[in-house]
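The chain contents come next:
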Protein chains: 4
Amino acid sequence: MKTLITGGTVVNATGRGAADVLLDGETIAALIAPGSTALGVDLAAHVDRVIDATGKYVIPGGIDAHTHMEMPFGGTFAADTFETGTRAAAWGGTTTIVDFVVQYAGENPLDQYAAWHAKAAGNCAIDYGFHQILSDVQDSSLHAMDELVAEGVTSFKLFMAYKGVFLSDDGQIVKAMQRAASNGSMIMMHAENGSVIDLLVQQSLARGETDPIYHGLTRPWQAEEEATHRAIMLANLTGAPLYVVHVSAKQAAEQIARARDTGQNVFGETCPQYLYLSLEEQLGAPGFEGAKWVCSTPLRSRAEHHQDHMWRALRTNDLQVVSTDHCPFCMTQKQLGLGDFSKIPNGIGSVEHRLDLLYQGVVTGEISLERWVEICSTTPARMFGLYGRKGVLAPGADADVVIYDPNGHTSIGLGKTHHMNMDYSPWEGFEIDGHVDTVLSRGELLIGDGEYHGRAGHGRYVKRELSQYLI
Amino acid sequence: MKTLITGGTVVNATGRGAADVLLDGETIAALIAPGSTALGVDLAAHVDRVIDATGKYVIPGGIDAHTHMEMPFGGTFAADTFETGTRAAAWGGTTTIVDFVVQYAGENPLDQYAAWHAKAAGNCAIDYGFHQILSDVQDSSLHAMDELVAEGVTSFKLFMAYKGVFLSDDGQIVKAMQRAASNGSMIMMHAENGSVIDLLVQQSLARGETDPIYHGLTRPWQAEEEATHRAIMLANLTGAPLYVVHVSAKQAAEQIARARDTGQNVFGETCPQYLYLSLEEQLGAPGFEGAKWVCSTPLRSRAEHHQDHMWRALRTNDLQVVSTDHCPFCMTQKQLGLGDFSKIPNGIGSVEHRLDLLYQGVVTGEISLERWVEICSTTPARMFGLYGRKGVLAPGADADVVIYDPNGHTSIGLGKTHHMNMDYSPWEGFEIDGHVDTVLSRGELLIGDGEYHGRAGHGRYVKRELSQYLI
Amino acid sequence: MKTLITGGTVVNATGRGAADVLLDGETIAALIAPGSTALGVDLAAHVDRVIDATGKYVIPGGIDAHTHMEMPFGGTFAADTFETGTRAAAWGGTTTIVDFVVQYAGENPLDQYAAWHAKAAGNCAIDYGFHQILSDVQDSSLHAMDELVAEGVTSFKLFMAYKGVFLSDDGQIVKAMQRAASNGSMIMMHAENGSVIDLLVQQSLARGETDPIYHGLTRPWQAEEEATHRAIMLANLTGAPLYVVHVSAKQAAEQIARARDTGQNVFGETCPQYLYLSLEEQLGAPGFEGAKWVCSTPLRSRAEHHQDHMWRALRTNDLQVVSTDHCPFCMTQKQLGLGDFSKIPNGIGSVEHRLDLLYQGVVTGEISLERWVEICSTTPARMFGLYGRKGVLAPGADADVVIYDPNGHTSIGLGKTHHMNMDYSPWEGFEIDGHVDTVLSRGELLIGDGEYHGRAGHGRYVKRELSQYLI
Amino acid sequence: MKTLITGGTVVNATGRGAADVLLDGETIAALIAPGSTALGVDLAAHVDRVIDATGKYVIPGGIDAHTHMEMPFGGTFAADTFETGTRAAAWGGTTTIVDFVVQYAGENPLDQYAAWHAKAAGNCAIDYGFHQILSDVQDSSLHAMDELVAEGVTSFKLFMAYKGVFLSDDGQIVKAMQRAASNGSMIMMHAENGSVIDLLVQQSLARGETDPIYHGLTRPWQAEEEATHRAIMLANLTGAPLYVVHVSAKQAAEQIARARDTGQNVFGETCPQYLYLSLEEQLGAPGFEGAKWVCSTPLRSRAEHHQDHMWRALRTNDLQVVSTDHCPFCMTQKQLGLGDFSKIPNGIGSVEHRLDLLYQGVVTGEISLERWVEICSTTPARMFGLYGRKGVLAPGADADVVIYDPNGHTSIGLGKTHHMNMDYSPWEGFEIDGHVDTVLSRGELLIGDGEYHGRAGHGRYVKRELSQYLI
Ligand SMILES: [Zn+2]
Ligand SMILES: [Zn+2]
Ligand SMILES: [Zn+2]
Ligand SMILES: [Zn+2]
Ligand SMILES: [Zn+2]
Ligand SMILES: [Zn+2]
Ligand SMILES: [Zn+2]
Ligand SMILES: [Zn+2]
């Protein structure tokens, strides 16, 4: 099966230009100057399918490097399965996710790794890789790290919060970092001071503060800034590369920027919710409404200008990646926390909307078109060892291609654009001045003509190499 | 004329991969997956010329964004003409230079622009663009700025030193920056405090200090740091983009990094001499020997670790570009300053060796292979409005291609690799673990099989667009 | 004449305590524990005068280190003569001023020094010292510096603004700093980039912007930050101590703090107007009203929080001194600038109210009581070589004593507390929860029982030593 | 008993001057201008004792705010009892110590407070106060904090290291800080990341590294910097004042300076060992010799310039206090760690030499004479609520007076000046260009004519007020 995409503007991380893209089976066979006669063949006549991308952007498929499909948490499961979640992702132009294998304290990381494969295999609409969560790092975890790297799991997420569930203490973190420094893998960090947060939550509840907004107020920026700095310093001590997930506080972003200024391999990710939503407006919505936006790190105060700072840090590459931390719960699940904000399952669903939401940042002038591609696809690929196959439109790369229409429009919300398995949308009412027109994954059409053409099982596991982004 | 480059590893700023490159006339027609049958033709049989790049890197031609061919200065002229200088550049894998039109105080910028065209036309081996130097900014200079932008001169260099020759005072700088902010052009700055330097030079000479090393000692880092900060603040006031040329002091680089951290459009360039050479070793060589390395900003003290800091700033993208500031003088010219260091013509010749010298940084682990391509070609192109045509291997781009052999070797020095019009080499004795194998400019072979195949007049003037690098 | 001050709380820079103070003639003879019988005499019976300070603070007389009495500027003279200005100062608890001898370009510094002595001699109510302003530094200025140090003028003010009037270029500044580094004197700096300001003023007027607020808008914070940084770097180069006068922009204060963090002898002064007044409220008052508050550096925007930052910098000793920059002009004089803000004489009168205004900062919790004494008296004394005689209540020190009543009240304004020779008060309507009760200068009563007991001619010239504040 | 000290130069934190000091019983009765006749009496004839201080400095008695007499640690006790330790202190001009009550995990703070009183009562040569160590903060600890504040224990030391012994986790620290913020007391912090250190120690021992130098190498600067930052951020969250003890790493000092720049009440102490001694020279001495200097935080690398940075931070008041952390162990005790550095009792004895060692910094130009008094006496008094009685020579203050002879000399070492109960001196061979001539405590002569005149039991417990140093 050969496909020729003609007439579009190919956009990559450093620039844009007119080019036709020839797909052959699962890979990109060639990029060709439009109208070139140098090949000596009429390609359009020759291929099986021609897609006209005139007036549109042709970009590498989006990579969402932070999702939690079917994640077991707090006695329930994230509402999207690998099937529903990856289908929604496809609708939004994301053709690869990197999901988190969860190893809770006491479990064997390799067992869980196998379990996650079992959950994903045969169910995914798009390709997927895995990070491994390590809770309560033990010596056995260190051995598992080496084995997992050989399996293509080259990044390990640790937690500085959620005591008794995920948390590793600083000595455990150092041990994992030492191993990462030796086997070349990346340490990902949930950087919040759990000990402090647990106390504040307990004190808040004791004062009778139960509404969702207290989720945010008991996770103050100091808890994030502190943990971020601590993670950076432990990485400095061990020489491990560090990637801080879901940065939301401007002070945390400043710590990352400062570490980068000294040449340390420290990186940061933010999420659409930290760019657009706020403590006051969403988390502080009347009654229990704010539960929709309970996630950790929490939404931050707009009065303190965290959102502006996140955009700026994206522009200056002090934050390198935008992922979603997709971990949706339905309101029926959120209601576990009625009367006690600390029992609300933590998570927001955005896997479908990341490219659109960030494209709106291009429209409003927050980021350039090239930077959009870079933070949504190219850098995630480089950061997590996918580049070459993913994250770029180049010969030999997987034929993961999105055609994005800057003249289209997308209305987000239930009954509008909404394919995630959620009974509400955290992005209800958001209007995007652009549209995901066509999505191909390894040459197969997933989205076209406003319809879904994909199938569960198309998506394959991707063994990842070591990070290609280290300085 | 069609050329197919096969078997190589194409390297760009974000990654690398195997790809064949098809050149058709002056442009790149296609990038093709090696061995692909998707095109339905045997390209190798079909083209006029096949170049085997097996085991080699295929990269976009180097762009040296800072050269001074035939520059009139201090009563003499830089020793390389556009003919000799661009030929030497070609030998070293540089296929585009951006040279500086010089307008001295009292001259008409547009007249000088025309004069520079006259000097370059018909003489260049490779393509060339122009920046415009504005001395002693007048209202007429502001009008000229708009006209020059229309001519493809989208960057203007100002000087904070060389009173009576180049220097603009701060009010004049603000005026030029205001105009740049309105017409979208870039301000380039020679950031040294000339008033302070002039005093120190006069005091030094009065003390009988005449050796070349006093050139460095009378241009202390404080003079560079101060001017860099001042330029940044004036840019902040006016909203103009700023590009600081030839950064050599770590403290100046820190000012640039700090400005970037706040989201300002401030960029910095360094040069090979500030990465490898030092005040103590070269400028302080016995007798008059140090004159070989008299340039401004001066070589910095290795004991103060400026060189290490420059490499680090390149890694973290706090400096974005490496140019040469190619401005060679023969020792016969340098001798103007025998007995008075202040009369030594300022300048070093490196246009031939930039790619090699920076590749050695890849070998020694200072930068990645991708970063090498980025700082030598891709970012210069983006910074100065050349991207699309230059700085990238992509369909439709100019067929400026370098094949670099990581298994080759290059010995620099007179009687070895040396094509610049200089009677000495500032890089004598440098050994490079790599080699410029083949160089094509707009599809024409300039260097191949160890020989020069180019010709004066092949190179054309390139109208530049506005910077494509702003944040 | 012996005076015993009993029952008060003596406050100095490090703490407070009950103590009686015995004055003998012009000096402090002893500090005595109240009720002590150790001396074996009944002092109260023995002395000529007993002043009951029960419930009040007894502090060293205020030192205003920055005044401009009778200063010739812009075709007129500051409205307070040494007679009226020092009398007003006495009313407000200031017992020493350090005024500026003005040497304009082309004048002989020593001639001007003599002229200022002539103006002050026989006219002052309180003691006075001199700083010397050096405009357009020449070699003759450098020789004068040494002679003036011998005369007790150990600080020299330079200007980075007011071209053709006061401005020295950077080379001239370095020359003066080199001399200061060698003779131990202090460089004071008016740190605003005059070249930029002159341009902005000219552009603003050309746009028809003539109201007083444009005085502020054409002297943006960038112009102050830039010049402050430049002065710091030149001081770094030369090793001279630096004291930046009238700091008003938070960014300038940050530059000073940063220099201090590296151990450089850099200090900063702010003034009451930068703590309390703003661009929006005062300088932006309707019509020509804002002219009352035209001074340089200008009042800053409250929306940008400069005022808060000044208070904070005072608390952390990143700014060390509060002076007034007393330079009053009557509205009749201010009207020189009707229709052209650039012609409004620059200056505000506050010499009378400094202690009261800062005491209000104690009341509102901005600073501690001890810090009030430190920034108003002790540090000015140390900074400018007066300590021992001035700035402290200690045996042997000049009997310059203020009794301050924390239960008193002061209403500032015309017809209320106003003794400066101005036809308006820039502090009209300010209410202070404290009162200057009694003022003695070298043992003579100047203020007591709400009346002025001083006389022109009591005040004497004070030869100052080198700064006692260097680190 | 009346004593008159005549002819000396009284030095306090802001300056110096000639003054006679009259002591009446336990307090200072008066400071008198030498030769003054204003009192109308011949005091010298009138008093019981005249001490001639001609040519000498008269300063407030030293305050060592950090000592551990008889401290139980690691199965042994610090070698100095309250009797021997305070006597040695007296020899060195220290007239007040603030010692640490130790509450280990599981103990009742108030019981331990009583126990410490029992140990000290009747044994001390000089006055003493107490800080309270809180280990493993419990709710009962919080209640104890309020009671202890009423007892004059207004500062509480927490540990971020020594798990299972002293360590409080971050939630516990926050709880104690919240209480401090509400009752006005100060939190003192041992800021080292114990979790990391415990791991590094275990790994080091597992590699067979047993020499004393590994004590330093397993407590890297990152562990101190990290904990310092964390403590600052927790203090920021709670509003508690924070005092970081025994700062030795320059990076930790930078964190403190940065916090001060933002106006936070964060302070730091260093010790003579961190100013003079190093990892390479002392801790790395051959064989087991280095055990003499095993203390925590450890001696730092001189190659990394920590020592220079500590001096600079003292000059700029980024560190405010020099204490000793006096916790001496004899070599017989140190030998507990033969073959296992982690078993060497942690501590160095310096209580006798602090004033001398710091005075040598005056001689070498590191600090001014006034700064010497400030960091050794005045600021410790203010920081810990002693000012007024201690830390200043003023009427009504305790007659704690040291006469220091700048023309004297002190040779430190066994058989020379050494009164601490140690079988070696960590300061062996140090030569001081000055000498503690005379020491009085509340009017009683402790040291005079080279002999000890004090007695166990003279020293009294001092109830401290809240800190007088907050900004
Ligand atoms: Zn997380
Ligand atoms: Zn997550
Ligand atoms: Zn230049
Ligand atoms: Zn140049
Ligand atoms: Zn001024
Ligand atoms: Zn002034
Ligand atoms: Zn400790
Ligand atoms: Zn201790």
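Counting restarts for each chain, with residues numbered from 1 along the sequence as it is written. Each chain takes a letter, starting from A, and each ligand takes a number, starting from 1, following the order in which they are written. Per-residue local features are limited, in this predicted model, to residues with pLDDT of at least 70; the limit for side-chain atom pairs, both in listing and counting, is 80 or more; totals at the level of whole chains, interfaces and linings are taken over all residues. Values reported for side chains reflect all heavy atoms of the structure, with hydrogen atoms and water molecules removed beforehand.

## Some words on the coordination of the zinc ion (ligand 1)
Metal coordination angles in their ideal form are 109.5 degrees for the four-donor tetrahedron and 90 or 180 degrees for the six-donor octahedron.
Residue and element names in this part refer to chain A.
Argument step 1. With water omitted from the atoms examined, metal sites may look incomplete; donors here are N, O and S atoms no farther than 2.8 Å from the metal, or 3.2 Å in the case of Na, K and Ca. Of the protein atoms, only His 190 (ND1) and His 246 (NE2) coordinate the zinc ion (ligand 1), at distances of 2.1 Å.
Argument step 2. A gap of 3.8 Å separates the zinc ion (ligand 1) and the zinc ion (ligand 2). Within this pair, whereas His 190 is found in strand E14 (residues 186-190), its partner His 246 is found in the loop between strand E15 (242-244) and helix H9 (250-261), the two being separated by 56 residues in sequence.
Argument step 3. Buried, partly exposed and exposed residues are distinguished by accessible area as a fraction of the type maximum, computed with a 1.4 Å probe on protein chains only: under 20%, between the cut-offs, and over 50%, respectively. What makes His 190 buried here is its relative accessible area of 2%.
Argument step 4. On the basis of relative accessible area, His 246 is assigned to the buried category, the value being 1%. Strands are runs of DSSP state E lasting at least two residues, helices are runs of H or I lasting at least four, and both sets are numbered from the N terminus onward.

## A word on the coordination of the zinc ion (ligand 2)
Residues and elements named next belong to chain A.
Argument step 1. Around the zinc ion (ligand 2), the protein contributes the donor atoms His 66 (NE2), His 68 (NE2) and Asp 325 (OD), at 2.1 to 2.2 Å from the metal centre.
Argument step 2. Positions of the donor residues of the zinc ion (ligand 2), expressed as sequence spacing, correspond to H-x1-H-x256-D.
Argument step 3. With a relative accessible area of 0%, His 66 lands in the buried category.

## Some thoughts on the relation of the copies chain B and chain A
To go from the first copy of the chain to the second, apply a rotation about an axis and then a shift along the same axis.
Argument step 1. The copies are overlaid by a least-squares fit using only the C-alpha atoms of residues whose pLDDT is at least 70 in both copies. With an RMSD of 0.0 Å, the fit of chain B onto chain A corresponds to turning through 180° and sliding 0.0 Å along the axis. Expressed as a symmetry operation, the mapping of one chain copy onto the other fits a two-fold axis. Across chain B, the smallest distance between a C-alpha and the rotation axis is recorded for Leu 31 of chain B, namely 2.6 Å.
Argument step 2. For this analysis, residues touch if any pair of their heavy atoms sits within 4.5 Å. A symmetric contact is evident, with 100% of the interface residues of chain B recurring at the interface of chain A.

## Focus on the packing of helix H5 (residues 170-183) of chain B against helix H8 (residues 221-238) of chain B
All names here are of chain B.
Argument step 1. In this analysis, axes come from line fits to C-alpha atoms, helices being fitted only over the stretch in contact, and the angle between any two N-to-C directions falls in the range 0 to 180 degrees. At their nearest, the axes of H5 and H8 sit 9 Å apart, and the two run at 45° to each other. The pairing of H5 with H8 is recorded here as oblique in orientation. You can see that H5 and H8 cross each other, and the crossing is right-handed. The segment H5 lies against H8, with Asp 170, Ile 173, Val 174, Met 177, Gln 178 and Ala 181 engaging Arg 230, Ala 231, Leu 234, Ala 235 and Thr 238. With respect to orientation, any angle under 35 degrees is reported as roughly parallel, any angle over 145 as roughly antiparallel, any angle of 65 to 115 as roughly perpendicular, and every other angle as oblique. Helix crossings get a hand from a simple test, with the near helix turned counterclockwise from the far one by less than a right angle marking a left-handed crossing and a clockwise turn marking a right-handed one.

## Quick look at the UniProt feature "modified residue: N6-carboxylysine" (unreviewed entry) in chain A
Residues and elements named next belong to chain A.
Argument step 1. This chain's UniProt record puts "modified residue: N6-carboxylysine" (unreviewed entry) on Lys 157.
Argument step 2. Mapped onto the elements of the fold, Lys 157 is located in strand E13 (residues 155-159).
Argument step 3. In this structure Lys 157 comes out as buried when scored by relative accessible area, which is 2%.
Argument step 4. Ignoring any residue separated from it by four or fewer positions in sequence, one finds Lys 157 in contact with His 66, His 68, Phe 100, Gln 132, Ile 133, Leu 134, Met 188, His 190, Val 245 and His 246. UniProt positions are given in the numbering used here, feature names are shortened, and annotations may be inferred rather than shown by experiment.

## Details of helix H6 (residues 194-206) of chain C
All names here are of chain C.
Argument step 1. The end-to-end C-alpha separation of H6 is 18 Å, in line with the 18 Å expected for 13 residues at 1.5 Å each.
Argument step 2. Among the residues of H6, Gly 194, Val 196, Ile 197, Leu 199, Leu 200, Val 201, Gln 203 and Ser 204 are the ones counted as buried.
Argument step 3. The definition of a polar contact used here is a pair of N or O atoms within 3.5 Å, where within protein one atom must be able to donate a hydrogen and the other to accept one, and adjacent residues in sequence count solely through side-chain atom pairs. For H6, the N-terminal cap is Asn 193; the gap from its side-chain oxygen to the backbone nitrogen of Ser 195 is 3.2 Å.
Argument step 4. Among the residues trailing H6, Gly 208 stands out with phi positive, at a value near 80°. An expected span of 1.5 Å times one less than the residue number is assigned to each helix.

## Notes on the sheet that holds strand E8 (residues 62-67) of chain A
All names here are of chain A.
Argument step 1. Strand order in this open sheet of 8 strands is E8-E11-E12-E13-E14-E15-E16-E17, and the pairing throughout is parallel. On the outer flanks of this sheet lie E8 and strand E17 (321-322), each paired with one strand and no other.
Argument step 2. Should DSSP find at least two bridges between two strands, the strands are taken to pair. Sheet topology places E13 next to E14; 5 bridges connect them, and they run parallel. Note that in E14 the partner of Leu 158 across the bridge is Met 189.
Argument step 3. Against the sheet, helix H8 (residues 221-238) contacts E14, E15 and strand E16 (266-270), and its axis sits at roughly 170° relative to E15.
Argument step 4. Strand contacts of helix H14 (residues 354-363): E8, strand E11 (94-103) and E17, with the helix running at about 115° to E8, the strand carrying the most contacts.

## Details of the interface of chain B and chain A
Argument step 1. Chain B puts 39 residues into the contact, and the matching count from chain A is 39 residues.
Argument step 2. Reported buried area values correspond to the accessible surface (1.4 Å probe) lost by two parts on association, with both partners' losses combined. Taken together, both faces of the contact between chain B and chain A bury some 2,900 Å²; the carbon and sulfur share is 56%.
Argument step 3. A side-chain nitrogen of Lys or Arg and a carboxyl oxygen of Asp or Glu constitute a salt bridge if their distance falls within 4 Å. Counting every contact that joins chain B to chain A gives 0 salt bridges.
Argument step 4. In this structure, the connection of chain B to chain A is made through 11 residue pairs in polar contact (both at pLDDT 80 or more).
Argument step 5. Looking at side-chain class alone, the side of chain B that touches chain A contains 18 nonpolar, 12 polar and 9 charged residues. When residues are grouped by polarity, Ala, Val, Leu, Ile, Met, Phe, Trp, Tyr, Cys and Pro land in nonpolar, Asp, Glu, Lys and Arg in charged, and all others, Gly among them, in polar.

## Things to note about the pattern of salt bridges
Argument step 1. By the definition in use, this model includes 96 salt bridges over all chains.
Argument step 2. Where Glu 209 of chain A meets Arg 207 of chain A, a salt bridge forms, and the shortest distance between an N and an O atom there is 3.1 Å.
Argument step 3. Here Glu 370 of chain C and Arg 16 of chain C are joined by a salt bridge, their closest N and O atoms 2.8 Å apart. Within this pair, whereas Glu 370 of chain C is found in helix H15 (residues 369-383), its partner Arg 16 of chain C is found in strand E3 (residues 16-18), the two being separated by 354 residues in sequence.
Argument step 4. The class for Arg 16 of chain C is partly exposed, based on a relative accessible area of 43%.

## Considering the interface of chain B and chain C
Argument step 1. Facing the 25 residues of chain B at the interface are 25 residues of chain C.
Argument step 2. Taken over both partners, the interface formed by chain B and chain C buries close to 2,100 Å², and the fraction arising from carbon and sulfur atoms is 62%.
Argument step 3. Here chain B and chain C share 2 salt bridges between them.
Argument step 4. The closest approach of N and O atoms between Arg 230 of chain B and Glu 226 of chain C, which form a salt bridge, is 3.6 Å.
Argument step 5. Our enumeration of links across chain B and chain C arrives at 10 residue pairs in polar contact (both at pLDDT 80 or more).
Argument step 6. Every element with two or more residues in the side of chain B that touches chain C is listed here: H5, helix H6 (194-206), H8 and helix H9 (250-261) of chain B.
Argument step 7. With 10 residues, the single largest contributor to the side of chain B that touches chain C is H8 of chain B.
Argument step 8. For the side of chain B that touches chain C, the class distribution of residues is 9 nonpolar, 9 polar and 7 charged.

## Remarks on the nonpolar core
Argument step 1. Definition used in this section: a nonpolar core is a set of buried Ala, Val, Leu, Ile, Met, Phe, Trp, Tyr and Cys residues joined via side-chain atoms within 4.5 Å. The biggest cluster of nonpolar side chains holds 133 residues, and the ones touching the most others in it are Phe 130, Ile 187, Met 189, Leu 242, Leu 358 and Trp 372 of chain B.
Argument step 2. No other element matches H8 of chain B, which puts 7 residues into this core.
Argument step 3. In contact with Leu 358 of chain B, not counting residues within four places along its chain, are Pro 272, Leu 275, Trp 311, Val 322, Ile 367, Trp 372, Ile 375 and Cys 376 of chain B.
Argument step 4. Judged by nonpolar contacts, the second largest core, of 132 residues, contains Ile 173, Ala 227, Cys 295 and Met 422 of chain A.

## Considerations on the side chain of Thr 6 of chain C
All names here are of chain C.
Argument step 1. Among the structural elements, Thr 6 can be located in strand E1 (residues 2-6).
Argument step 2. Thr 6 sits in the buried class, given a relative accessible area of 17%.
Argument step 3. Apart from the residues within four sequence positions on either side, Thr 6 is in contact with Asp 20, Val 50, Ile 51, Asp 52, Ala 53 and Thr 54.

## A few points about the relation of the copies chain B and chain C
Argument step 1. Aligned on chain C, chain B shows an RMSD of 0.0 Å; the corresponding rotation is 180° and the shift along the axis is 0.0 Å.
Argument step 2. Most of the interface of chain B is mirrored in chain C, where 100% of its interface residues again form contacts.

## Looking at the sheet that holds strand E2 (residues 9-11) of chain C
Residue and element names in this part refer to chain C.
Argument step 1. With mixed pairing, 7 strands are arranged side by side in an open sheet as E3-E2-E7-E18-E21-E22-E23. The open sheet terminates on both sides in strands that have one partner only, identified here as E3 and strand E23 (451-452).
Argument step 2. Contacting E2, E3, strand E7 (57-60) and strand E18 (401-405), H15 runs over the sheet at an angle of about 30° to E7.

## Remarks on the packing of aromatic side chains
Argument step 1. Side-chain rings of Phe, Tyr and Trp, where Trp is taken by its six-membered ring, are said to pair if the distance between their centres is within 6.5 Å; with planes under 30 degrees apart they count as stacked, over 60 as edge-to-face, and otherwise as tilted. The tally for this structure, following the rule as stated, stands at 92 aromatic pairs over all chains.
Argument step 2. Ring geometry for Tyr 214 of chain A against Phe 341 of chain A: centres 6.4 Å apart, planes inclined by 40°, an arrangement best described as tilted. Taken together, the residues Tyr 214 of chain A in helix H7 (residues 213-217) and Phe 341 of chain A in the loop between helix H13 (331-334) and H14 connect sequence positions 127 residues apart.
Argument step 3. Owing to a relative accessible area of 23%, Tyr 214 of chain A belongs among the partly exposed residues under this scheme.
Argument step 4. Looking at Phe 341 of chain A, the relative accessible area reads 1%, which means it is buried.
Argument step 5. Judged by centre distance (6.2 Å) and plane angle (85°), the ring pair of Tyr 276 of chain C and Trp 427 of chain C falls under edge-to-face. Placement of the pair is Tyr 276 of chain C in helix H10 (residues 272-276) and Trp 427 of chain C in the loop between strand E19 (410-411) and strand E20 (431-432), with a sequence separation of 151 residues. For the pair Tyr 276 of chain C and Trp 427 of chain C, one class covers both residues: buried.

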